[in-house]
Amino acid sequence: MSEIAFRRATRADLQRIVELLADDRLGATRELAEDPVPRCYVTAFAALESDPNQQLIVCEQDGLVVGCLQLSFIPGLSRRGAWRAQIESVRVASASRGAGLGERLMAFAIDAARTRGCSIVQLTTDKARPEARRFYERLGLAATHEGMKLSLRSPT
């Protein structure tokens, strides 16, 4: 049986995380999985690492990073001052999909949100990924709101 572990990402994981982000049809069009890792990712990682309300989590299987997600803790006034956990950039390596790693990664993130005292977990998923929506619904998440975005600039 394979050994599975979840932990906070380190700078040494950054190249692999970017590869995971690029490992699908949408990510392949918007990520730069290059070696060395482009400076924009290094800068973003440093900002995440220094913010106590951000966690970049990786899933390791037998010592290899095969999954990741970003977990953001957001304070708010609504819902009587409730904290929210925002889950973004959930990825499992294409060769590792279908083995339950995504479920375990999400369970880890939801447990971390409970531990931080969050009242709600939320995420967005691209409408072009119907299989992801089915996955999240199977885990008990509900599409209760319509998300909207406005792109302000192209990534550099």
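Above this text sits the structure in question.
So, a few notes on the structure that sits alongside this text. Everything numeric in this text was worked out from a predicted model, so none of it was measured. (Residues numbered from 1 in each chain as written. Predicted model: local features only at pLDDT ≥ 70, side-chain atom pairs only at ≥ 80, totals over all residues. Heavy atoms only, no water.)

### Observations concerning the sheet that holds strand β1 (residues 4-8)
Strands sit in the order β1-β2-β3-β4-β5 across an open sheet of 5 strands; the sheet is mixed. The sheet is open, and its two borders are formed by β1 and β5 (120-123), each paired with just one other strand. Averaged over all pairs of adjacent strands, the angle between their axes in this sheet comes to 25°, without regard to strand direction. Pairing between strand β4 (residues 84-92) and β5: 4 bridges, direction parallel. Bridge pairing links I87 to L123 in β5. On top of the sheet, helix α5 (residues 101-115) reaches β1, β2 (54-61), β3 (64-74), β4 and β5; it is set at about 30° to β3, its chief contact. (Pairing = 2+ DSSP bridges. Helix = DSSP H or I, 4+ residues; strand = E, 2+ residues; numbered from the N terminus. Axes fitted to C-alpha atoms, helices over the stretch in contact; angles between N-to-C directions. Contact = heavy atoms within 4.5 Å.)

### Looking at the side chain of Q86
Along the polypeptide, Q86 turns up in strand β4. By relative accessible area, Q86 is classed as buried at 12%. A polar side-chain atom of Q86 sits 2.5 Å from a polar atom in the side chain of E88. Among all residues touching Q86, those that are not within four sequence positions of it are Q70, L71, S72, I74, Q122, L123 and T124. (Buried < 20%, exposed > 50% of the residue type's maximum accessible area, 1.4 Å probe, protein only. Polar contact = N/O pair within 3.5 Å; in protein donor to acceptor, adjacent residues only side chain to side chain.)

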